[in-house]
Amino acid sequence: MNNPVYVTQPAMPPLAEFTVYLEKIWEKRILTNNGPFHKQFEKDLAGYLGVKYISVFTNGTLALLTALQALRISGKVITTPFSFVATTHSLWWNNIKPVFADIEPEYLNLDPEKVEAAITPQVTAIMPVHVYGNPCKVEQFEKLANKYGLRLIYDAAHAFGVKVNGQSVLNYGELSILSFHATKVFNTFEGGAIICHSEDMKHRIDNLKNFGFRGETVVEEPGINAKMNELQAAFGLVQLKYVNTYIARRKIIAELYRKHLMDIPGIRFIPDMKGVSHSYTYFPVLIDASVYGKTRDEIYEGLKRHNIYTRRYFYPLISQFPSYKGLLSANPGNLPVAEKVAEQVLCLPIFPDMEHEFIEVISEYLKENAV
Ligand code: T4K
């Protein structure tokens, strides 16, 4: 490739449409603190996603931190080691001890059976992640949470616009968290949100993200500053007009990859789930070196030499980072599926403006290198 091809490239709406919003911001000089675009964005976003209550944040990590505060979670929380570090860092920053449970091999999400086996009296909540936007076994998690009296928070950072049987996946669990980072399906440069199911909870979250203020002089509890600003919200309003196109283009790319990679021995991709509308946030493939003949890392390095920058999301596992590897649940052998997958996974480039020719080049490279 003459120019580098990265795992993703942010989708951008026409600049002229954003300029109109910028002019309004210049005119009114309301830059943040629940301004008019913030309010409008929350309303329009809730409508687009098909959820009742949403509170937008400056990024997904602060949304995660605040969600745990909103439910006053303490003690231990069961989560997945196969995610981005922010998932577990949000527990750490809340003085909560993570307990890692293994993932299921098909869709690479937290395995409800492994979660059940990891429950102890200190465990107060489960925090699964809809990895790559593929919905977790939501019904099973709901049952587990009810059976053991546990709170249920989803890290849905990858699941923007994902629907299960026509219903937003964000309507499961007590709270779900989104990320609108530049690398996501829907971006506001940086950004995030918490989805909740009652007006009271929405108020509590809104207060928590604004230092704990209720009104001008009352501070109900120690909050944080995690508000989305007017620039981000305005950009989000413009992005909402285009997000269906972004997702449709991603779907075409995913389908083309699948067509090209179908018959390569040792390469597996994740199929669409029955009854689910996907957003195609990532395009991961799993390379089984014993069948394919080359390791995932050899392919990762080889593609780099062609100016193609894939990513090994999520390698290393979170449980292998120094802060977490001392935990009992991080012990080698406790997470065999996650350990294997972390060695095999490679996320190929996928973004709305990607030239289809790149798919052919990448697929050809993968075919040529197979035994
Ligand atoms: N939970 C989960 C499950 C998550 O995956 C994440 C974030 C979070 C929570 C936390 O949400 P946020 O607080 O971030 O809202 C990226 C992102 O920074 C991170 O948002 C994301 N997950 C994670 C999976 O990936 P990096 O360090 O891999 O990104 P970076 O900068 O290497 O970008 C990848 C490629 O994208 C670059 O090689 C080039 C391209 N790119 C990137 C940026 C930022 C651009 O073309 N333009 C850009 O502006 O972490």
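Scroll up to find the structure.
Colleague: Help me understand the environment of Ile270, please; the structure alone is not making it clear to me.
Modeller: Among the structural elements, Ile270 can be located in the loop between strand E13 (267-269) and strand E14 (276-277). Take Ile270: its relative accessible area is 6%, and that puts it in the buried class. Counting along the chain gives 233 residues from Ile270 to Phe37, while the straight-line C-alpha distance between them is 38 Å. When sequence neighbours within four positions are dropped, the list of residues in contact with Ile270 reads Glu106, Tyr107, Leu108, Tyr132, Asn134, Arg258 and Pro284.

Colleague: What is the right way to look at the side chain of Arg258 in this model?
Modeller: Inspection of the secondary structure assignment puts Arg258 in helix H8 (residues 230-261). A distance of 2.9 Å separates a polar side-chain atom of Arg258 from the backbone oxygen of Ile270. The residues contacting Arg258, other than those within four sequence positions of it, are Phe269, Ile270, Pro271, Asp272, Tyr280 and Phe283.

Colleague: Just checking my understanding: could you explain the site of the ligand for this structure?
Modeller: As a structural note, the neighbourhood of the ligand is formed by 26 residues, with Thr61, Asp155, Ser179, Arg311 and Tyr313 the closest of them. At a separation of 2.7 Å, a nitrogen atom of the ligand approaches a polar side-chain atom of Asp155. At a separation of 2.7 Å, an oxygen atom of the ligand approaches a polar side-chain atom of Arg311. For the ligand, the protein covers 75% of the area, taking 920 Å² as the surface of the free molecule. Here the ligand is seated within the largest pocket. When contributions to the shell around the ligand are tallied by element, the ones reaching two or more residues are helix H3 (60-70) and helix H4 (86-92).

Colleague: Explain H8 here, please?
Modeller: For an α-helix, the turn length of 3.6 residues means that residues three or four places apart are oriented alike. In this model, H8 (32 residues) spans 43 Å end to end at C-alpha, consistent with the 46 Å of a helix rising 1.5 Å per residue. For H8, the principal kink sits at Tyr242 and spans about 50°. Taking the backbone nitrogen of Leu231 as reference, a side-chain oxygen 3.0 Å away marks Asn229 as the first, capping residue of H8.

Colleague: Please explain the sheet that holds strand E7 (residues 163-164) as it appears in this structure.
Modeller: Hydrogen bonds between backbone atoms are what pair the strands of a sheet, whose relative direction is either parallel or antiparallel. Reading across the sheet, the three strands line up as E8-E7-E14 and stay open at both edges, with antiparallel pairing between neighbours. Two strands lie at the open edges of the sheet, namely strand E8 (167-168) and E14, each paired on one side alone. Here E7 pairs with E14 via two bridges, running antiparallel. Considered in E14, the bridge of Val164 is made with Val276.

Cut-off values and rules
Residues numbered from 1 in each chain as written. Predicted model: local features only at pLDDT ≥ 70, side-chain atom pairs only at ≥ 80, totals over all residues. Heavy atoms only, no water. Helix = DSSP H or I, 4+ residues; strand = E, 2+ residues; numbered from the N terminus. Buried < 20%, exposed > 50% of the residue type's maximum accessible area, 1.4 Å probe, protein only. Contact = heavy atoms within 4.5 Å. Polar contact = N/O pair within 3.5 Å; in protein donor to acceptor, adjacent residues only side chain to side chain. Near = heavy atom within 4 Å. Areas by Shrake-Rupley, 256 points an atom, 1.4 Å probe, with all protein chains shown as cover. 1 Å grid on protein atoms, 1.4 Å probe; cavity = no way out; pocket = protein on both sides within 12 Å on 5 of 7 lines; lining within 4 Å. Sits in = over half its atoms within 2 Å of the grid points. Expected span 1.5 Å × (residues − 1). Bend = angle between axes of the 7 residues up to and from the residue. Pairing = 2+ DSSP bridges.

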